[in-house]
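So you can see what is in the structure, the chains are spelled out below.
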Amino acid sequence: MKLNITALADRMIWFITLIFLVLSLTISFALGEANYGAYVLFVCLFGLIIFYLIREQGVIKLRLNWMHSYMLLFIGACYLSAINAIDTSVAMSRSFDIVKIFFMLIILYMCYQDKKSVDTLLKIGMWTGYIVCFYTVYFYGLDYFITVLSSSARIANDALNANTVGLLGANAIVMTLYYMLYDRPRWWHIIALPTLGILAATGSRKALVFVVAGTVLLFVFKSLRSANVVNSIAKIIGSLLGLTIVGVAVLQLPMFGEVLDRMSSMVEAFAGTGGDSSTIIRMALVDIGWDLFYQSPITGVGVNNPSVYTFFLYGKENYYLHNNYIELLAGTGIIGLLAYYSMYLYIAYNLIRYRDFHSNEYVMVLILFLSQIVMDMGMVSYESKSTYFYMMLFYLEVQMLRKGRKNEAQQIV
């Protein structure tokens, strides 16, 4: 009976974590004018604690580690940035948001710290992407999406930001392909096909790049497992040729017209021969970020305060700089940037040190990690709860790789 209760509690922890992530992304527009979203999320976290105690029979195993230490450093940098903030209340509010995320991270880590695999977390991330994508379709209506796809347009940002929806869909698609290649095809994998249409409707360039790059990397890492070098090279060449043919054919579909036009405009903007307004504005925002950094290079002009400056210029509230590196550099200075990305440096060092390309999960985690580093150049992610969920996933993978390497060393001795 105890074993059944333990299994049920563990399943409930998985389910509540999934609900928490979905709500953290959607609750702001799902509730409309209601302002009790924070309380709903708090109830989810409280539920995690309750089922954790049931699973562990009342014993709390609270372990703090390097991940928590780096988070505390970043929190300190956020509060330090308030010294030079043009709007101290904005900086203090965002700093407190990071504190709340820190406590969220402690609870989530406590629930998953003893897992033997990150597969559970990967599936939570995948299903979060699917649920948010299809909830967005429900929010706007299926007819609206069909109209958008047939007219090569792009969905609005009335609900969740279109780029965010696109990236969540891209994550889900790449992870589904991972399970198809490294596990086995299942009937529900077909859900990736309509999600590809949702991705096209978002017009997200980052999402398209991630799907293409993620797919290529999955096939390349799969091909590298052959013991024969010649076979590996042949498989890689064959995979790339096959993917190129399929990719070109898929991208000829009318629904990808908008995102391809936006890709072309982006290239023109960087080349100085044209470009769409979105890319031009993003380039201008980066210049604004550098100007703000020069004003206060050590502690920044205040975390989240770049949005105060952009409001004066563009008249839009919460208009961030669309680049996580520049946003942190401008808002929290060199101290904040180093404090935040020290977490990623720690993970990167250990992923290289304990690399294991024969581990399926390592391959998927590495692809997700690399995508986060690259995508941060075109999005602001430091304030998102899902960012820290994946950071925890990366850290747990490193922790498992380290344990595996130590066990191997002990067996040799």
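Below, the structure is looked at part by part. (Residues numbered from 1 in each chain as written. Predicted model: local features only at pLDDT ≥ 70, side-chain atom pairs only at ≥ 80, totals over all residues. Heavy atoms only, no water.)

Over its 22 residues, helix α5 (residues 119–140) runs 32 Å from end to end, which matches the ideal 32 Å to within 8%, given 1.5 Å per residue. Once α5 ends, the next one or two residues include Gly141, with phi positive near 100 degrees. (Helix = DSSP H or I, 4+ residues; strand = E, 2+ residues; numbered from the N terminus. Expected span 1.5 Å × (residues − 1).)

Under the criterion given, the structure shown has 9 salt bridges. Residue Asp10 is joined to Lys115 by a salt bridge in which the shortest nitrogen-to-oxygen separation is 2.8 Å. Taken together, the positions of Asp10 in helix α1 (residues 2–30) and Lys115 in the loop between α4 (88–112) and α5 put the pair 105 residues apart, joining distant regions of the chain. On the basis of relative accessibility, which here comes to 22%, the residue Lys115 falls in the partly exposed class. (Salt bridge = Lys/Arg side-chain N within 4 Å of Asp/Glu carboxyl O. Buried < 20%, exposed > 50% of the residue type's maximum accessible area, 1.4 Å probe, protein only.)

In this section: the packing of aromatic side chains. Any aromatic ring pair is given by two values, namely how distant the centres are and how the planes are angled relative to each other. Within the structure shown, the criterion is met by 32 aromatic pairs. Geometrically, the ring pair formed by Tyr341 and Tyr344 is tilted, given 5.4 Å between the ring centres and 40 degrees between the ring planes. With a gap of 3 residues between them, Tyr341 and Tyr344 both fall in helix α14 (residues 324–353), about one helical turn apart. With respect to burial, Tyr341 and Tyr344 carry one shared label: buried. (Phe/Tyr/Trp six-rings, centres within 6.5 Å; stacked < 30°, edge-to-face > 60°.)

Of the voids in this model, the second largest pocket is the one considered here, and its volume is about 680 Å³. Lining the second largest pocket are 23 residues, and of these Val211, Thr215, Val246, Gly247 and Val250 sit closest to its centre. Mapped by element, the contributors of at least two residues to the lining of the second largest pocket are α7 (162–182), α8 (192–202), α9 (205–223) and α10 (229–251). Per element, the largest residue contribution to the lining of the second largest pocket is 8 residues, and it comes from α10. Counted by class, the lining of the second largest pocket contains 19 nonpolar, 4 polar and no charged residues. (1 Å grid on protein atoms, 1.4 Å probe; cavity = no way out; pocket = protein on both sides within 12 Å on 5 of 7 lines; lining within 4 Å. Points joined across faces, edges and corners; volume = space filled by probe spheres on them. Nonpolar A, V, L, I, M, F, W, Y, C, P; charged D, E, K, R; others polar.)

What follows covers a positive patch on the surface. A cluster of basic side chains, namely Arg353, Arg355, Arg405 and Lys406, defines a positive patch on the protein surface. In this structure, Arg355 sits in the loop between α14 and α15 (360–375). Arg355 sits in the partly exposed class, given a relative accessible area of 47%. (Patch = residues over 30% accessible without salt bridge, like charges linked within 9 Å, V, L, I, M, F, W, Y side chains within 5 Å. Areas by Shrake-Rupley, 256 points an atom, 1.4 Å probe, with all protein chains shown as cover. Lys, Arg positive; Asp, Glu negative; His and termini not counted. Charge placed at Lys NZ, Arg CZ, Asp CG, Glu CD.)

Attention shifts here to the packing of helix α3 (residues 66–81) against α14. Axis angle and axis distance: for two packed helices, these are the angle between their axes and the distance between the axes, and together they describe the pair. Contact geometry for α3 and α14: axes closest at 9 Å, N-to-C directions at 180 degrees. In terms of orientation, α3 lies roughly antiparallel with respect to α14. Listed contacts from α14 to Trp66, Met67, Tyr70, Met71, Leu73, Phe74, Ala77, Cys78, Leu80 and Ser81 of α3 are Leu328, Gly331, Thr332, Ile335, Gly336, Ala339, Tyr340, Ser342, Met343 and Tyr346. For the contact of α3 with α14, the per-class residue count stands at 15 nonpolar, 5 polar and no charged. (Axes fitted to C-alpha atoms, helices over the stretch in contact; angles between N-to-C directions. Parallel < 35°, antiparallel > 145°, perpendicular 65-115°, else oblique. Contact = heavy atoms within 4.5 Å.)

Overall, the coordinates contain 2 cavities of 30 Å³ or more when judged by the stated rule. Along the walls of the largest cavity sit Leu21, Leu25, Gly125, Thr128, Leu168, Ser386, Phe389 and Tyr390, which together make up its complete lining. Elements with a contribution of two residues or more to the lining of the largest cavity: α1, α5 and α16 (385–412). With 3 residues, α16 is the largest single contributor of residues to the lining of the largest cavity. For the lining of the largest cavity, the per-class residue count stands at 5 nonpolar, 3 polar and no charged. Here the second largest cavity is characterised by a volume of approximately 30 Å³. Taken together, Met67, Tyr70, Met343, Tyr346, Ile347, Met391 and Tyr395 make up the full set of residues lining the second largest cavity.

In terms of residue burial, α8 counts as a mostly covered element, since 8 of its 11 residues are buried. Residues Ala192, Thr195, Gly197, Ile198, Leu199, Ala200, Ala201 and Thr202 constitute the buried set of α8. Buried residues in α8 make contact with α5, α6 (142–150), α7 and α9. Following α8 by one or two positions, Gly203 adopts a phi angle in the positive range, close to 65 degrees.

Inspection of the secondary structure puts Arg63 in the loop between α2 (37–55) and α3. The spatial distance from the C-alpha of Arg63 to the C-alpha of Tyr182 is 32 Å, given a sequence separation of 119 residues. When residues no more than four places from it in sequence are discounted, the contact partners of Arg63 are His68, Tyr109, Gln113 and Asp114. Among the polar contacts made by the side chain of Arg63, one reaches the side chain of Asp114 at a distance of 2.8 Å. (Polar contact = N/O pair within 3.5 Å; in protein donor to acceptor, adjacent residues only side chain to side chain.)

The next point concerns the packing of α7 against α8. Interhelical geometry of α7 versus α8 gives an angle of 150 degrees and a closest axis separation of 9 Å. It follows that α7 is roughly antiparallel to α8 by the angle criterion. Classified by chirality, the crossing of α8 by α7 is left-handed. Along its contact with α7, which presents Ala162, Val165, Gly166, Gly169, Ala170, Ile173 and Thr176, the element α8 presents Ala192, Thr195, Leu196, Ile198, Leu199 and Thr202. A per-class count over the contact of α7 with α8 returns 8 nonpolar, 5 polar and no charged. (Left-handed = near helix turned anticlockwise from the far one by under 90°.)

Okay, unusual backbone geometry next. Positive phi values are uncommon outside glycine, yet Gln57 reaches one of about 55 degrees. With respect to the element layout, Gln57 can be found in the loop between α2 and α3. On the basis of relative accessibility, which here comes to 57%, the residue Gln57 falls in the exposed class. You will see that Asn304, though not glycine, has its phi angle at about 70 degrees, which is positive. Given the relative accessible area of 13%, Asn304 is considered buried.

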